[in-house]
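Survey of secondary and tertiary structure
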Amino acid sequence: MNILITGGAGFIGSHLADALLAEGHSVTIIDNLSTGSKAFIPSKARFIEADIRCRESLQFLGQGHFDVIYHEAAQTMVPSSIKDPYHDADENIMGLLSLLEAARQGGVKKIIFSSSAAIYGDNSALPLTEEVPPHPLSFYGLTKWMTENYLELYHQLYGLDYAILRYSNVYGPRQGAHGEGGVIYIFAKQLAEGKDLTIFGDGRQTRDFINVHDVVSANVAALTKGNGSICNVSTGSEVSLNTLARKMIQLSGKPVKIHYGPVRPGDIYRSFLSRQKAEHLLGWAPQTSLDEGLSETIAFFSRTMQ
Ligand SMILES: NC(=O)c1ccc[n+]([C@@H]2O[C@H](COP(=O)([O-])OP(=O)(O)OC[C@H]3O[C@@H](n4cnc5c(N)ncnc54)[C@H](O)[C@@H]3O)[C@@H](O)[C@H]2O)c1
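What counts, and at which threshold
- Residues numbered from 1 in each chain as written.
- Predicted model: local features only at pLDDT ≥ 70, side-chain atom pairs only at ≥ 80, totals over all residues.
- Heavy atoms only, no water.
- Near = heavy atom within 4 Å.
- Polar contact = N/O pair within 3.5 Å; in protein donor to acceptor, adjacent residues only side chain to side chain.
- Areas by Shrake-Rupley, 256 points an atom, 1.4 Å probe, with all protein chains shown as cover.
- Helix = DSSP H or I, 4+ residues; strand = E, 2+ residues; numbered from the N terminus.
- Nonpolar A, V, L, I, M, F, W, Y, C, P; charged D, E, K, R; others polar.
- Domains from an automatic or database assignment.
- Contact = heavy atoms within 4.5 Å.
- Expected span 1.5 Å × (residues − 1).
- Buried < 20%, exposed > 50% of the residue type's maximum accessible area, 1.4 Å probe, protein only.
- Arc of directions from axis to C-beta.
- Salt bridge = Lys/Arg side-chain N within 4 Å of Asp/Glu carboxyl O.

As a further point, take the site of the ligand. Close to the ligand lie 28 residues, the nearest being Ile12, Asp31, Thr35, Glu91 and Tyr140. In this structure, an oxygen atom belonging to the ligand sits 2.6 Å away from a side-chain N or O atom of threonine 35. Taking aspartate 51, its side chain carries an N or O atom lying 2.9 Å from a nitrogen atom of the ligand. If the ligand stood free it would expose 830 Å²; the protein chains cover 92% of that surface. Examining the composition of the shell around the ligand, we find that three residues originate from one element, strand β5 (residues 110-116), more than from any other. Tallied by class, the residues present in the shell around the ligand amount to eleven nonpolar, eleven polar and six charged.

This is how it looks when you write it as structure tokens:
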């Protein structure tokens with residue numbers, strides 16, 4: 001298939017490009033390199049350096065060459081979205097609209113969208129299923145939810161197919177090159193520098209850490225499945241930050257300590273998402289154990305931080 005990846009120079013998008021090329025697809029990447037890196041773009045992919053908000057830059061889509069678009073490009077930082085909701089909406093809503101309009105005119109068949117657990121907010125009905133009503137606590141979560149709604153309406157009005165994947169906390173090599181990485185990225189970087197790890201709060205807060213290779217395989221499955229659906233992409237299990245920090249120290253072999261800092265306002269205490277719907281609709285399940293994924297991530301950052 002002819003596939004376009006927005007944000008394909010980023011953490012998840014670049015791994016996805018590698019996997020799609022390996023499966024024999026033709027891949028084009030559009031990215032403004034705001035947080036992505038040219039070094040992550042596979043040499044076999046066509047690269048267009050442009051901002052998706054610029055409608056002229058998307059005119060190539062109107063020529064009708066693309067079957068599927070993976071929409072990964074976004075303002076991805078929760079705190080920045082709260083500080084600057086205008087910028088968040090400009091990237092995540094206006095960028096989306098220029099993409100959807102170009103896709104519609106170019107006869108694109110399907111859009112696969114990277115949504116987020118951030119749309120659920122702080123909900124204790126764990127594990128969270130796709131039926132839980134969204135209640136975002138940040139503008140980032142809100143623009144993700146609005147994007148889901150736009151996709152549903154574009155489908156109703158114009159027949160543009162979609163699949164929505166709500167990722168939990170994604171981790172792996174290439175994370176956070178210029179943007180804000182998650183806790184695993186921060187710990188892996190601190191370990192590579194031989195620094196002690198800091199946990200904010202008592203460390204018993206939990207997250208659902210999904211490896212980037214598993215996120216990629218869910219996206220690949222969504223190429224041909226999951227039309228018109230919303231699926232969580234998660235492990236379905238929770239890991240505490242205490243367990244995570246201890247595991248990462250042990251796997252790295254570094255003689256560092258864990259320190260505890262004050263609770264950060266707004267931090268969710270427990271979070272994990274059910275993956276049953278993705279198993280059923282996409283025929284997908286994560287394959288990477290936390291130990292394997294952490295070892296690869298720690299090795300990547302210790303290599304690249306030299
Ligand atoms: N990493 C996670 O844990 C996580 C969790 C849930 C959802 N997501 C979503 O997955 C997607 C990919 O996230 P990531 O972690 O790979 O982030 P990332 O920052 O590494 O990748 C985003 C890419 O989009 C590009 N980009 C941003 N704005 C653009 C614009 N206006 N025009 C063109 N390119 C633009 C950036 O340069 C970057 O290469 C995002 O939509 C994010 O919200 C990520």
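There's more to say after this.
Interface size is commonly expressed as the accessible area that is lost once the parts come together. Per the domain assignment, the segments of the protein are domain 1 (2-170 + 209-233) and domain 2 (171-208 + 237-273 + 288-304). Put simply, the middle of domain 1 and the middle of domain 2, counted by C-alpha atoms, are 25 Å apart. Listed per partner, the contact involves 29 residues of domain 1 and 25 residues of domain 2. Considering each element in turn, the side of domain 1 that touches domain 2 owes the most residues, four residues, to helix α1 (residues 11-22).

Attention shifts here to helix α9 (residues 290-304). Over its 15 residues, α9 runs 21 Å from end to end, which matches the ideal 21 Å to within 8%, given 1.5 Å per residue. Within the sequence span of α9, burial applies to Leu290, Gly293, Leu294, Thr297, Ile298, Phe300 and Phe301. Projected down its long axis, α9 shows its buried positions confined to an angular sector of 160°, all on one face. For α9, the secondary structure elements touched by its buried residues are β7 (169-171), α5 (183-192), β10 (209-211), β12 (239-240) and α7 (241-252).

Counted under the stated rule, the structure contains 14 salt bridges. One salt bridge in this structure joins aspartate 18 and arginine 174, with 3.1 Å as the shortest N-O distance. In this pair, aspartate 18 is assigned in helix α1 and arginine 174 in the loop between β7 and α5, connecting sequence segments 156 residues apart. Connected via shared salt-bridge partners are Asp51, Arg53, Asp90 and Glu91.

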